[in-house]
Amino acid sequence: MDAAERRARELLRSVVSAEDFSAYEELGFISVPGRGDTASGYAYLLYPHRPLVAYETAGGRLLSEYCVRFEDEGERLPDADDVLAKWIAVHGREHELIATANLNRPGHQVDPGHVSRDLARLRAWRVARIGA
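Every value quoted in this text rests on a predicted model; they were computed, and no experiment measured them.

Draft legend 1. Examining the pattern of salt bridges more closely. Within the structure shown, the criterion is met by ten salt bridges. Salt-bridge contacts for Arg9 lead to Glu5; the nearest nitrogen and oxygen are separated by 2.9 Å. Taken as a pair, Arg9 and Glu5 lie in helix H1 (residues 3-15) at a separation of four residues, close to a single helical turn. In this structure, Arg93 engages Glu96 in a salt bridge whose closest nitrogen and oxygen atoms are separated by 3.2 Å. Pair noted here: Arg93 and Glu96 are both in helix H3 (residues 79-100), with a separation of three residues, about one helical turn. For Arg93, a relative accessible area of 54% translates into the label exposed. The exposure class assigned to Glu96 is partly exposed, which follows from its relative accessible area of 43%. Each member of the salt-bridge network shares a partner with another, and the members are Glu5, Arg9 and Glu25.

Spelled out as structure tokens, the structure:
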């Protein structure tokens, strides 16, 4: 891991919850509930340098992909900075982010099988963390 990614991870750790940071470290992505509320019925998977993937929280049905790009003076951001930029955008301006993103059907850029496996990994990870 290079110095820029280490700094980006430290910034990510200082902003997101301990659970979200652990998910990023262990799984490589973060799940953020829509409208900042787990009762919304949907959430987004935030991957580094990939579209946001919206899914139904109850059954895991994939809803859509939202392609957004964050750059630093034309340069690609470190992975953790890209995830943090998406996290901030979803938390602070979800409707604006979604309105300006390129909307695509599930599977346009991210393999639905991969996302389904990640959702299963996320469920198992959460169960292991709460001991259920």
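On we go.
Draft legend 2. Representation of H3 in the model. The end-to-end C-alpha distance of H3, which contains 22 residues, comes to just 22 Å, noticeably less than the 32 Å that a straight helix rising 1.5 Å per residue would cover. Along H3, the sharpest kink reaches roughly 115 degrees, centred on Arg93. Ala80, Asp82, Val83, Leu84, Ala85, Lys86, Trp87, Ala89, Val90, Glu94, Leu97 and Ile98 are the residues of H3 that are buried. On the buried face of H3, the contacting elements are H1, helix H2 (18-27), strand E1 (30-33), strand E2 (42-46), strand E3 (52-56) and strand E4 (62-67).

What counts, and at which threshold
Residues numbered from 1 in each chain as written. Predicted model: local features only at pLDDT ≥ 70, side-chain atom pairs only at ≥ 80, totals over all residues. Heavy atoms only, no water. Salt bridge = Lys/Arg side-chain N within 4 Å of Asp/Glu carboxyl O. Helix = DSSP H or I, 4+ residues; strand = E, 2+ residues; numbered from the N terminus. Buried < 20%, exposed > 50% of the residue type's maximum accessible area, 1.4 Å probe, protein only. Expected span 1.5 Å × (residues − 1). Bend = angle between axes of the 7 residues up to and from the residue. Contact = heavy atoms within 4.5 Å.

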